[in-house]
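# Examination of the molecular architecture
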Amino acid sequence: MTTSTSSSTSTRTESVTDLVTRLAQEHLSRWQRGYLNDEAKAVGALARLRRGAGRPAGQLPDLWDLLDTQGLHEARRDGRPLSETELARAEDALHTAVTLWALHQQSRGTGMHQPHRPEHPRGLGAAVHRLMPPNDIDDSLRKRLVRAGNAPDLTTLAQRLRDIVTLLRREDVHLDYALLAGQLYQWQWPGGADRVRIAWGRSFHAWQDHRASGPQQDNPAPGDLSSDLPDATDKDTL
């Protein structure tokens, strides 16, 4: 009975994760295209959205009409509507990802949201790795990723991600914010943070700096943040 319940919960969560990712992609594609085309509506939306970066969803009433969450009220794959908990966590994940993108995109002439592809990793770990010198590991940057992965709640995680996004913006490093939205939804469920940390760790080690003459040789094998990156209990990373 326990195994059946756990499996059902996992399937339900993964289904909503896909929905959150898809809705984030739709929002981001539309706003990014409009912003790059200098459309007044999109430029104004981005200016409003970036004020919410790192802040809880719902704290700024000015943003309530920008994120269309109608898609979250559609039936799930199993035909049932999302629960109140699923809705709240999905809305929080969308808010966090989209507002971070708005901060990242500000005053940039190319789209900072770029879809992840195996040949061009755009996950959070890969983005942080791209900030580092070729064939080298910057421990201070790596600790920022560890601290984000060990955030005690979504608000703290959003604030720590905001610090990382500021660095990505400075160096024009792209990120897949639709992928991030799905991960932020998953992160809020029991055991979800562990799975997201593993994904970020693998993404970190998947990045190969194409400016270098060859693949990085000093990276350990892919794995989760707690084993591949600095000790998660290190007082300097918490």
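Here's what I pulled together on the structure shown here. All figures in this text were calculated on a predicted structure; none of them were measured in a lab. (Residues numbered from 1 in each chain as written. Predicted model: local features only at pLDDT ≥ 70, side-chain atom pairs only at ≥ 80, totals over all residues. Heavy atoms only, no water.)

Turning to the packing of aromatic side chains, a few remarks are in order. Per the stated rule, a full pass over the model turns up one aromatic pair. On the numbers, 6.0 Å between centres and 65° between planes, the contact of Tyr-185 with Trp-189 is edge-to-face. Across the pair, Trp-189 and Tyr-185 agree in class, each one buried. Lying across the ring of Trp-31, Arg-30 places its NZ or CZ 5.5 Å from the centre. Above the face of the Trp-189 ring, Arg-89 is positioned so that its terminal group lies 4.4 Å from the ring centre. (Phe/Tyr/Trp six-rings, centres within 6.5 Å; stacked < 30°, edge-to-face > 60°. Buried < 20%, exposed > 50% of the residue type's maximum accessible area, 1.4 Å probe, protein only. Lys NZ or Arg CZ within 6 Å of the ring centre and 35° of its normal.)

Okay, the pattern of salt bridges next. Counted under the stated rule, the structure contains seven salt bridges. Note that Arg-117 is salt-bridged to Glu-119, the shortest N-O span being 3.1 Å. For Glu-119, a relative accessible area of 45% puts it in the partly exposed group. Put simply, Lys-143 and Asp-139 hold a salt bridge, and the shortest N to O gap is 3.7 Å. Of this pair, Lys-143 and Asp-139 both sit in helix α5 (residues 139-149), four residues apart, which is roughly one turn of the helix. (Salt bridge = Lys/Arg side-chain N within 4 Å of Asp/Glu carboxyl O. Helix = DSSP H or I, 4+ residues; strand = E, 2+ residues; numbered from the N terminus.)

This brings us to the nonpolar core. One finds Val-20, Leu-157, Leu-161 and Trp-200 to be the most contacted residues of the largest nonpolar core, which totals 59 residues. Those elements that provide at least two residues to this core are α1 (2-36), α2 (40-49), α3 (84-105), α4 (124-130), α5, α6 (154-170), α7 (177-187) and α8 (192-206). Sorting elements by how many residues they give to this core places α3 first, with ten residues. Beyond its immediate sequence surroundings of up to four residues, Leu-161 is in contact with Leu-100, Leu-124, Ala-148, Leu-180, Leu-184 and Trp-200. (Core = buried A, V, L, I, M, F, W, Y, C linked by side-chain atoms within 4.5 Å. Contact = heavy atoms within 4.5 Å.)

The relative placement of two packed helices is expressed as an angle between their axes plus a distance between the axes. Running from N to C, α7 and α8 cross one another at 145°; their axes reach a closest spacing of 7 Å. Along its contact with α7, which presents Leu-180, Gln-183, Gln-186 and Trp-187, the element α8 presents Gly-192, Ala-193, Arg-195, Val-196, Ala-199 and Trp-200. Its residues placed into classes, the contact of α7 with α8 shows six nonpolar, three polar and one charged. (Axes fitted to C-alpha atoms, helices over the stretch in contact; angles between N-to-C directions. Nonpolar A, V, L, I, M, F, W, Y, C, P; charged D, E, K, R; others polar.)

These results come straight from atomic positions and should not be treated as a statement about function.
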